[in-house]
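# Secondary and tertiary structure notes
Here are the chains, one letter per residue:
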Amino acid sequence: MVNFIQETIDEAKKGLSEGGIPIGSILVKDNKIIGRGHNKRVQENNPIVHAEIDCLINAGRIGTYKNTVLYSTLMPCYLCAGAIVQFGIKKVIVGESKTFSGALEFMKSHGVEVIDLNNQECIEMMEKFIDTNPNLWNEDIGEL
């Protein structure tokens, strides 16, 4: 079986290697990856291209999202949680929420099951990035 959270970590590392923010996401349907993405705000100079949004863009039009699971290295923010709710994604599995609590309650209040893995590799990757790039991180989460 594919280790889906490891796939999101690989996406996050790809983003970091491109000079971006290390957040990765994948979309799974029928136990197969149908979309993947990573945060490209820096690379594309576009404030909207968060990992989950990039993943959905790359998945393309799939009709219904009701039987999909979205994985992300980090708890989705309100922008991405809005897309999750809008498209009817009912399950989100995240690597961690220690470094960013995101929109957990918003998603849960809209019937989304959220599972937080508290993954140490995800936590350490974000802690290191935030420590090294505080201004870029604060820009990403709208706290600059």
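In short, a report on the structure. Residue numbers here run from 1 along each chain, matching the order of that chain's written sequence. With pLDDT at 70 or above as the cut-off, local features in this predicted model cover only qualifying residues; side-chain atom pairs require 80 or more to be listed or tallied, and sums for whole chains, interfaces and linings still use all residues. Heavy atoms from the whole structure form the basis of all side-chain values; hydrogens and water molecules are not counted.

### Describing the overall build of the protein chain
For the protein chain, the helix and strand inventory stands at seven helices and five strands. The reference for a compact globule is 2.2 Å times residues^0.38; the radius of gyration itself is calculated from the C-alpha atoms. Taken over the C-alpha trace, the protein chain has a radius of gyration of 14 Å; the compact-globule value for 144 residues is 15 Å, and the two agree within 12%. Viewed in the frame of its principal axes, the protein chain has a C-alpha envelope of about 40 × 30 × 30 Å. We call two residues in contact whenever any of their non-hydrogen atoms come within 4.5 Å of each other. Look at the contacts in the protein chain between residues 6 or more apart in sequence, and 56% of them connect residues 24 or more apart. Considering the protein chain, the positive charge centre built from 14 side chains and the negative charge centre built from 19 side chains are found 8 Å apart. Numbering of helices and strands runs from the N terminus, with a helix taken as a DSSP run of H or I at least four residues long and a strand as a DSSP run of E at least two residues long. We score Asp and Glu as negative and Lys and Arg as positive, and we do not count His or the chain ends. Every charge is mapped to an atom, namely NZ of Lys, CZ of Arg, CG of Asp or CD of Glu.

### With respect to the environment of Tyr 78
Mapped onto the secondary structure, Tyr 78 falls in helix H4 (residues 78-86). Note on Tyr 78: relative accessible area 53%, which makes it exposed. It is 8.7 Å that separates the C-alpha atoms of Tyr 78 and Met 107, two residues lying 29 residues apart in sequence. Excluding residues within four positions of it along the chain, Tyr 78 makes contact with Gly 102, Ala 103 and Phe 106. Only protein chains enter the accessibility calculation, which uses a 1.4 Å probe. A residue is then buried if its area is under 20% of the maximum for its type, exposed if over 50%, and partly exposed in between.

### Digging into unusual backbone geometry
Backbone geometry places Asp 30, a non-glycine residue, at a positive phi of 55°. Position of Asp 30 relative to the elements: it lies in the loop between strand S1 (24-29) and strand S2 (32-38). Classification of Asp 30 by relative accessible area gives exposed; the value is 62%. Even without being glycine, Asn 118 reaches a positive phi, approximately 50°. You can see Asn 118 is positioned in the loop between strand S5 (113-116) and helix H6 (120-132).

### Examining the packing of helix H3 (residues 51-59) against H4
H4 packs onto H3 with a crossing angle of 35° between their chain directions and a minimal axis gap of 8 Å. Of the residues in H4, those in contact with Glu 52, Ile 53 and Leu 56 of H3 are Leu 79, Cys 80 and Ala 83. Here the residues of the contact of H3 with H4 are counted per class, giving five nonpolar, no polar and one charged. Between the N-to-C directions of two axes lies an angle of 0 to 180 degrees, each axis being a line fitted to C-alpha atoms and, for a helix, fitted only over the stretch in contact. Residues are grouped as follows: Ala, Val, Leu, Ile, Met, Phe, Trp, Tyr, Cys and Pro are nonpolar; Asp, Glu, Lys and Arg are charged; every other residue, Gly included, is polar.

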